[in-house]
Amino acid sequence: MRLQSHKLNFVVNFLLGVAWAFVLIGAVTSFLSFFQTDFLFAFVSAVIAALPGLFAVLLLEHFITVQQQAEEMKKQTRLLEELLQNLKQEIQ
């Protein structure tokens, strides 16, 4: 579990799988399409064909990271508020 919300976690992980599938399918089909012509051209076209899927993976991983940071900040805020309340009680 990377995210607290199980539904959001399922959707994001599903989309990550789809993005990786696009990377794999794009790279393999492009490479095999141009393999007969030239190996270097086939390799470059495979890299270019994989870029949109890799960009989607990058965006989804960034979304996961931002969500984790927000959850961690909420936890830290809650703990700091409890600490502040305890300090106020000790002072009084």
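Below, the structure is looked at part by part. (Residues numbered from 1 in each chain as written. Predicted model: local features only at pLDDT ≥ 70, side-chain atom pairs only at ≥ 80, totals over all residues. Heavy atoms only, no water.)

Looking at the overall build of the chain
- When helices and strands are counted, the chain shows 2 helices and 0 strands.
- Across its three principal axes, the chain shows a C-alpha extent of roughly 80 × 25 × 15 Å.
- The 92 residues of the chain split such that 18% are buried.
- Of all intrachain contacts in the chain linking residues separated by at least 6 positions in sequence, the fraction that spans at least 24 positions is 57%.
- Of the side-chain charges in the chain, 6 are positive and 7 negative, and the distance between the mean point of each set is 8 Å. (Helix = DSSP H or I, 4+ residues; strand = E, 2+ residues; numbered from the N terminus. Buried < 20%, exposed > 50% of the residue type's maximum accessible area, 1.4 Å probe, protein only. Contact = heavy atoms within 4.5 Å. Lys, Arg positive; Asp, Glu negative; His and termini not counted. Charge placed at Lys NZ, Arg CZ, Asp CG, Glu CD.)

Quick notes on the environment of S45
- Looking at the element boundaries, S45 is found in helix 2 (residues 39-91).
- Assessed through its relative accessible area of 10%, S45 is described here as buried.
- Between the alpha carbons of S45 and V28 there is a distance of 9.8 Å; along the sequence they are 17 residues apart.
- Beyond its immediate stretch of four places on either side in the chain, S45 contacts S30 and F34.
- Of note is the side chain of S45, whose polar atom sits 2.9 Å from the backbone oxygen of A42. (Polar contact = N/O pair within 3.5 Å; in protein donor to acceptor, adjacent residues only side chain to side chain.)

As for the packing of helix 1 (residues 6-34) against helix 2
- Remark: helix 1 packs on helix 2, axes separated minimally by 6 Å, with the N-to-C direction vectors making an angle of 175 degrees. When the interaxial angle is binned, helix 1 and helix 2 end up roughly antiparallel. (Axes fitted to C-alpha atoms, helices over the stretch in contact; angles between N-to-C directions. Parallel < 35°, antiparallel > 145°, perpendicular 65-115°, else oblique.)

Notes on the nonpolar core
- Core analysis: the largest hydrophobic core is formed by 6 residues, namely V12, L16, A19, V57, L60 and I64.
- Elements with a contribution of two residues or more to this core: helix 1 and helix 2. (Core = buried A, V, L, I, M, F, W, Y, C linked by side-chain atoms within 4.5 Å.)

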